[in-house]
Amino acid sequence: MVILALVCGTTASAERLKDIATFSGVRNNQLMGYGLVVGLDGSGDQTTQTPFTVQSVINMLTNLGVQVPPAGSMQLKNVAAVTVTAVLPPFARQGQPLDVTVSSLGNAKSLRGGTLIMTPLKGADGQIYAMAQGNLIVAGAGAAAGGSSVQVNQLATGRIPAGATVEKTVPTMLGSGEFVTLELLQSDFGMANRVVGAINSQFGTVAAALDGRVVQVRAPLDANQRVAFLARLENITVTPSEVSPKVIINARTGSVVMNQAVQIDPCAISHGNLTVTVTANNQVVQPNALAGGETAKVKNATVEIDTGTGPTVRMPKATNLNQVVKALNAVGATPQDLLAILQAMKAAGALKAELEVI
């Protein structure tokens, strides 16, 4: 049985505003591109199975002024088609370096020792925001000989620190006019009310909650003063509201995570085990020497079913997580049985928590 308890303190500790909310418009943007990695030591794509690698090489050579005969059959071993991804942070400026991740798109065995040639990185709008190029760092190793091979870590993915350069900026507006907008990471009316109270206690009546997630704050219009104001704003401490009772079940791994707010009403659980035993006792029958018969095999099978009744556990009203965990462990159920037990407790109204299966 796998039970993971996510225990919180009895008194919630204060959190900084920057840890529970973000400023509207201040966000990362994902970039992606398609490129070629060259200089591989015979571990590149098998061009007969990845024709797009050959097409990319031909297009690249054509752009460089090299004419490749159309009928030529290119057998490349040192080139691999890859996807290049990066994250464009907010307030990025032209010339700023970015880290990029390079992943094999074809059937290359390894990207170790390769060099990414100039690759444009585009955003969701199709515009080019950065250019990537450089030598790959692959945190892995592999070797093969005599039909045997060994590999450590992943060889088909590598990184290039500061491998891309920002070519186009994304406008980031800190609010509209005199207001900036705070967006809570999780919608909670109680938390939004606490955030408004904490801000107004520091700066006066400048904040107002628009809903359970968005808080509007009046900020100075001068850019320098606004930055100083936001620096103070994001470091305000807020005492979070009590969390809602919740149980999260991972049906694939059998793990259960619950917070301290989970409680149960008095209930009884009887868990039984079904055991099926099949015993085979095969024998060989020899006929009498003068009977003229043939040797035959006789199959004897015995099937036994034991529906042994497991223990019946009575759970009192639990006020903390430890009592819940101990009561569930006393049942002696397997992880998959535990999932069914919790769902049955929820259906019976004994489990006072939201049940989420992932």
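Residues numbered from 1 in each chain as written. Predicted model: local features only at pLDDT ≥ 70, side-chain atom pairs only at ≥ 80, totals over all residues. Heavy atoms only, no water.

The final tally for this structure, using the stated rule, is five salt bridges. A salt bridge links Lys 18 to Glu 234, with the nearest nitrogen and oxygen atoms 3.9 Å apart. With Lys 18 in helix 1 (residues 17-20) and Glu 234 in the loop between helix 4 (223-233) and strand 15 (237-238), this residue pair connects regions lying 216 residues apart in the sequence. Across the salt bridge formed by Lys 246 and Glu 356, the nearest N and O atoms sit 2.8 Å from each other. Of this pair, Lys 246 sits in strand 16 (residues 246-250) while Glu 356 sits in strand 26 (residues 354-357), and the two are 110 residues apart along the sequence. (Salt bridge = Lys/Arg side-chain N within 4 Å of Asp/Glu carboxyl O. Helix = DSSP H or I, 4+ residues; strand = E, 2+ residues; numbered from the N terminus.)

Our next topic: the nonpolar core. If you look at the biggest cluster of nonpolar residues, it comprises 25 residues, and the most contacted ones within it are Val 84, Val 100, Val 102, Leu 111, Leu 116, Leu 121 and Leu 136. At the level of secondary structure, the elements contributing two or more residues to this core comprise strand 4 (29-38), strand 5 (80-88), strand 6 (97-104), strand 7 (115-122), strand 8 (128-135) and strand 11 (157-166). In terms of residue count, the dominant contributor to this core is strand 5 (five residues). Apart from residues no more than four positions distant in its own chain, Val 100 is found in contact with Val 84, Thr 85, Ala 86, Leu 121, Ala 132, Gly 158, Arg 159, Ile 160, Gly 163 and Ala 164. Leu 184, Ala 198, Phe 229 and Leu 230 belong to the second largest nonpolar core, which has 23 residues in total. (Core = buried A, V, L, I, M, F, W, Y, C linked by side-chain atoms within 4.5 Å. Buried < 20%, exposed > 50% of the residue type's maximum accessible area, 1.4 Å probe, protein only. Contact = heavy atoms within 4.5 Å.)

What follows covers the packing of helix 3 (residues 189-203) against helix 4. Contact geometry of helix 3 with helix 4 gives a least axis separation of 11 Å together with a crossing angle of 125 degrees. With respect to their mutual orientation, helix 3 and helix 4 come out oblique. Crossing of helix 3 against helix 4: the hand is right-handed. Across the interface between the two elements, Ile 199, Gln 202 and Phe 203 from helix 3 touch Phe 229, Arg 232 and Leu 233 from helix 4. (Axes fitted to C-alpha atoms, helices over the stretch in contact; angles between N-to-C directions. Parallel < 35°, antiparallel > 145°, perpendicular 65-115°, else oblique. Left-handed = near helix turned anticlockwise from the far one by under 90°.)

Within the secondary structure, Gly 113 is located in the loop between strand 6 and strand 7. Residue classification places Gly 113 among the exposed residues on the basis of a relative accessible area of 52%. In this structure the C-alpha to C-alpha distance between Gly 113 and Gly 39, which are 74 residues apart in sequence, comes to 6.9 Å.

Attention shifts here to the packing of aromatic side chains. Counted by the stated rule, this structure contains one aromatic pair. Aromatic side chains Phe 203 and Phe 229 sit 4.7 Å apart centroid to centroid with 55 degrees between the ring planes, which places their arrangement in the tilted category. One end of the pair, Phe 203, is in helix 3; the other, Phe 229, is in helix 4, with 26 residues separating them in the sequence. (Phe/Tyr/Trp six-rings, centres within 6.5 Å; stacked < 30°, edge-to-face > 60°.)

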